[in-house]
Structure formats: structure tokens, C-alpha cells
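Inside the fold
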Amino acid sequence: MNGPKRLFLFITIIILVSGISSLLFQEKKEGEVMEMTPDKPVFTEAISAEETDTLDEKIGKVLADQRLKGSQTGISIRRKDTGEEIYQYFGELRLHPASNMKVLTAIGALEVLGQDHQFETLILTDGEIQGKVLKGNLYIKGKGDPTLQREDLEQFALELKEKGIGAIDGNIVGDDEWYDDVRLSQDLNWSDEPFFTGAQVSALTVSPDNDYDAGTVIVEVSPGDGEKATVNVIPANDYVTIENRTTMVASGGARDITVERKHGENTIIVEGTVPKDSPVYRSWASVWEPTGLAVHLFAKELEKQGIELSANTKLTRGKTPENAQLLTKKTSIPLSELLVPFMKLSNNGHGEVLIKEMGKKIQNEGSWDAGLAVLEETVAKFGADTSTLLLRDGSGMSHKNLIPASELTKLLYEIQEQSWFSVFLKSLPVAGEPERMVGGTLRNRLTSEPLRGKVVAKTGSLTGVFTLAGYITALDGSEWIFAILNNNYIVDDGEIAEIQDKIAEIIITHFRNE
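Below: a short report on this structure.

Rules behind the numbers
Residues numbered from 1 in each chain as written. Predicted model: local features only at pLDDT ≥ 70, side-chain atom pairs only at ≥ 80, totals over all residues. Heavy atoms only, no water. Helix = DSSP H or I, 4+ residues; strand = E, 2+ residues; numbered from the N terminus. Buried < 20%, exposed > 50% of the residue type's maximum accessible area, 1.4 Å probe, protein only. Contact = heavy atoms within 4.5 Å. Areas by Shrake-Rupley, 256 points an atom, 1.4 Å probe, with all protein chains shown as cover. Expected span 1.5 Å × (residues − 1). Axes fitted to C-alpha atoms, helices over the stretch in contact; angles between N-to-C directions. Parallel < 35°, antiparallel > 145°, perpendicular 65-115°, else oblique. Left-handed = near helix turned anticlockwise from the far one by under 90°. Core = buried A, V, L, I, M, F, W, Y, C linked by side-chain atoms within 4.5 Å. Pairing = 2+ DSSP bridges.

**Remarks on the overall build of the chain**
Summing up its helical and strand segments, the chain has 12 helices and 22 strands in all. Each of the 514 residues in the chain was classed as buried or not, and the buried ones make up 52%. The long-range share in the chain, meaning contacts at least 24 apart out of those at least 6 apart in sequence, stands at 69%. When the accessible surface of the chain is totalled, it reaches about 23,200 Å², and 49% of it is carbon and sulfur.

Structural data, given as C-alpha cells:
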């Protein structure tokens, strides 16, 4: 074939190939789902209704949801028995975990502190009892117990009274030096600080109820007889000041209440409208300097028991002398029990206390820096690639924590042989179980059969962050480990929860006995 003919044939082939390619492109219907791979996400206007058999395709259709467009998602699914990762979508991408960070903290605490670990609060004196008078200072020394309550302080006062102490000629000193005096984790937003989710961390602190939100008070708002609602604080104290700006309205009116502490002080502003037929409204507020609240409440309990404080007695902070005499003490519930409200209710304060406690035990330094270093070493023992992690706190409140989904599932696989694994598993929320200390933050998700109870996992939520990681039992009885990390979305959290629940449902129903 001569040169001109060859050139003509070559041009003809190019035209034909281009035309076919163009035709194929134009024939692709709007709404078809292109195959999605972990490194090439594709979003379409709609999801094909055609049913597919593979797990990849089923999840791929969910990920094509327009609500995820412009956001980031990381997913990892492993076999629970072998650890084989059967599916991953951006599994190696570092994403913010929110409260999935608590998974790492719980693992670290169980491994480093042990499931039987308990916290202590000590009552000591550097003086002596002369007659019925304690001549010297009375120290209440905190060692990190987040479960200390007013009733425990009352018991201390009763025991001191039983020892014959009827008066104190000295100061009441709160010793919180078991940990450092840094109250807030490094990345906590200032706007979170007044609320219970951003409560200050102290080695000496008091919780208002059995949720153990240490360093907080409960503000109760109920209908009043006059123009304003009635506001009570639990535990009752005058360490905080209430500014009641509420207005009573007629029965059936709108209830609109806000409770917020002023930044940097202990004035709590309560405002809004309260109908005459309104039920009691409760809100948790953090306190500024929780050590001071503990000392204040302890002094009140002493006085309630008839133990007189001298005119010169001061309520203060300080360090207990080495030679101080122990008068009484309180020991907390074990870590195995504390993990239930920590994980089920996603208690941020517990996460930060456990970080500092790990630092105190291993490095004799109750700080975030020491504790996070210990945590990083601990998760490395379980195969975590710490070069791809950024750990900034113990609760997940930081928007700088970074964990890939595949690293999270790897950890959840590796810990299964540990003696404390059953304790860890029991602490996770169970989807669809209505009891608060069973279902926890998953009690209102995946509530229908056959999904109820099939997902045992930790939730996480921050602005633009929604996460879920744990264990799933499929309809055929097979067990799986999964992590779904959603970041940088701008729709409502409820819409992301819907997407995550759909993925969980796919895993549950994909593996079934035919």
C-alpha cells in the first residue's frame, strides 16, 4: 500500500474510533452509576434502581447520594474472625473521628490502667485533734475521680463527725495536683467551654448525678408562681450565680429556654419563655474552676453535720503535706463500670481524665502531653500505624484529631484477644435498644427488625463530622468490623445518619442464608 492510501486509511480509522467513543459517551444515560473505586469517587444526579449483587455496588449506590457531594467519606469493612479487609473506600484517608476517638482512649485505658482501676479521693490533715477541735488544715485530695458526688462529701463529713471532730481551726484545702492545672484541651473551642461537653478537667471535681458529668451542675427550670420561672441548681450551691431572665407565659404557649454560663466566670444566664403547664426543663452547665466547687460543697457538708469552721477558715487550693494524716477516703467504681457511661453516653470529660490518668501512671505526669504519648505507644502495640494518626485529646472534641477508617477497624480487630475485650464490647452502644445504658447514643437508630441489636458501635459527632465504628452481625450470623467516617458535609446530621444506617443495613442484609 502506497503512502497516500496508508494516510487515508489511518485518518478513516481515527474518525471511526472518535465517532464510536462519542456515541458511547452520549449513550450513557443520566443517572447511571459509574463503577466507584476508593480513589475515584463519582457523584451522579440519581441512583440507578437496578439491584446488584455485590457489596461494592450496593455501597457505591449509597455513596452516590448527592448529599455527600463535596464531602469526604472513609469506610473500612473487615472480617471479624480473620481481620481481612473486604471493602474499603478511602480507607487510608485521614479523617476527623469526633467521638470515635473514644475508641482509642478506651483501648488505651483498659490496657494501661486495667479494667479494675479505681480512682481515689482522700481526706487528710496536717494538724491534730484537741478535744473536739481539729487544729490544722483539712485537705481534700483529688486523684481524678469523675464519679465523686455531693453524697460522698456528706459521707466524709459524717465520718469526721464520728471521729469526734466538732470544729476546725484551720483552712479547707482542695488539692488537685495529681494532674496539672491545664483545665481545657488544646483545641477546645472557646464557645464550647460553658457547656457540659466542654467541662474543665481537674483531679478534684464533683458530678451532679450518675451520668458522672464531672465539673458540671444541673440547672432545673420549672413553672413559677410569679412572672418568672423557678430555677434550681443541682447540687445546691452558691458557688455559681443564676441570672433568671425567664418569663412565664400562658399554658400551651411556646417553651423556649436557653442556659449558658458566662465565659470565664460562674454566672449562669437562664432566659426564655416557660408555659405554666411546662414540665421541668434540665440543662447541664460546666463550672469555672471545678476544684473550687468541690471545696465549697465539702465545707457546706461539714457545716450541715454541725462541724464549725473558725472565723479565720479559708476555702482554698494547695498541696497536701507529705506527712499529712489520712482521715478517710472514697474509692470509685472500677474502670469496667465507668466505661459504660463513658462510651454509651459519649462522656467527653471521662475521655480527658483517662488521658491524664494514663500519663500519671506511666510518666508520673498527669497532663495531656504525657497521656497522649502513652496512648500513641499503646495503640502502636496493637498494630496501629501511628505515622498516619494525629491524636490531640481523649474525647474527640478536637477538630485536629486524624484517623483513617482502615486503622480504626484494624485496632478493633487486634484487641479481640485481650482479656478486657468483653468489657470494651459491653461499653459500646447497641443500635435500637431503648434502655439508655444499653442503646446509648444508638438507641434511636436502626430500631426496626431485623436490624435492631445487630450493630454494636461507637458514634461520633462534631460540626461537619459524623462517625460510626464497631461490630456488625449479619443475618447469616457472620460478624464484621466496620468504620464509617463522614467529614466536611453541610447537610443536617440526621441525613448523614440515614446514609450511615443504610450502609449498616446493607452489611447486615447482604450476608444472609438463602
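Continuing now.
**Remarks on helix α3 (residues 101-112)**
With 12 residues, α3 should reach 16 Å at 1.5 Å per residue; the first-to-last C-alpha distance of 17 Å fits that figure. Taking burial as the measure, the 12 residues of α3 include 11 buried ones, the bulk of the element. When we look at burial in α3, the residues that qualify are Met101, Lys102, Val103, Leu104, Thr105, Ala106, Ile107, Gly108, Ala109, Leu110 and Val112. Where α3 ends, the next residue or the one after it, Gly114, has phi of about 95°, a positive value.

**Let's talk about the packing of helix α4 (residues 150-162) against helix α5 (residues 290-304)**
Between α4 and α5, the least distance of the axes is 8 Å, while the angle of their chain directions is 45°. Taken as axis vectors, α4 and α5 run oblique relative to one another. Seen from above, α4 lies across α5 with right-handed handedness. Along the contact surface, α4 presents Arg150, Leu153, Glu154, Phe156, Ala157 and Leu160, while α5 presents Ala294, Leu297, Phe298, Glu301, Leu302 and Lys304.

**A few points about the nonpolar core**
Ranked by size, the top nonpolar core spans 51 residues in total, and within it Leu104, Leu375 and Phe424 carry the most contacts. Listed by contribution, the elements that provide at least two residues to this core are α3, α6 (335-344), α7 (348-363), α8 (368-381), α9 (405-414), α10 (421-427), β21 (465-473) and β22 (479-487). Per-element accounting of this core gives the leading share, 8 residues, to α3. Phe424 has contacts with Val103, Ala106, Ile107, Leu110, Met343, Leu412, Ile415 and Tyr471, leaving out every residue within four places of it along the chain. Core analysis: the second largest hydrophobic core is formed by 37 residues, Ile140, Leu153, Val219 and Ile268 among them.

**Section: unusual backbone geometry**
A cis amide bond links Ile234 with the next residue in sequence, Pro235, at an omega value of -5°. For the peptide bond that leads from Glu449 to Pro450, omega is 5°, which places it in the cis range. Residue position: Pro450 is located in the loop between α11 (436-439) and β20 (455-462). Although it is not a glycine, Ser346 sits at a positive phi angle of roughly 55°. As for its position among the elements, Ser346 is in the loop between α6 and α7. Looking at Ser346, the relative accessible area reads 17%, which means it is buried.

**Examining α5**
In this model α5 runs 21 Å from its N-terminal to its C-terminal C-alpha over 15 residues, within 8% of the 21 Å that 1.5 Å per residue would give. Summarising burial for α5: 11 of the 15 residues are buried, a large majority. Here α5 has its buried residues at Pro290, Thr291, Leu293, Ala294, Val295, His296, Leu297, Phe298, Ala299, Glu301 and Leu302. Note on α5: the residue one or two positions beyond its end, Gly306, has a positive phi of about 85°.

**Side note on the sheet that holds strand β5 (residues 128-130)**
The sheet built from 4 strands is open, its strands ordered β5-β6-β8-β16 with mixed pairing. The open sheet terminates on both sides in strands that have one partner only, identified here as β5 and β16 (308-309). Examined bridge by bridge, β5 and strand β6 (residues 133-135) share 3 bridges and lie antiparallel to one another. Across the sheet, Ile129 pairs through a bridge with Leu134, a residue of β6.

Function cannot be inferred from these measures alone, as they are strictly geometric.
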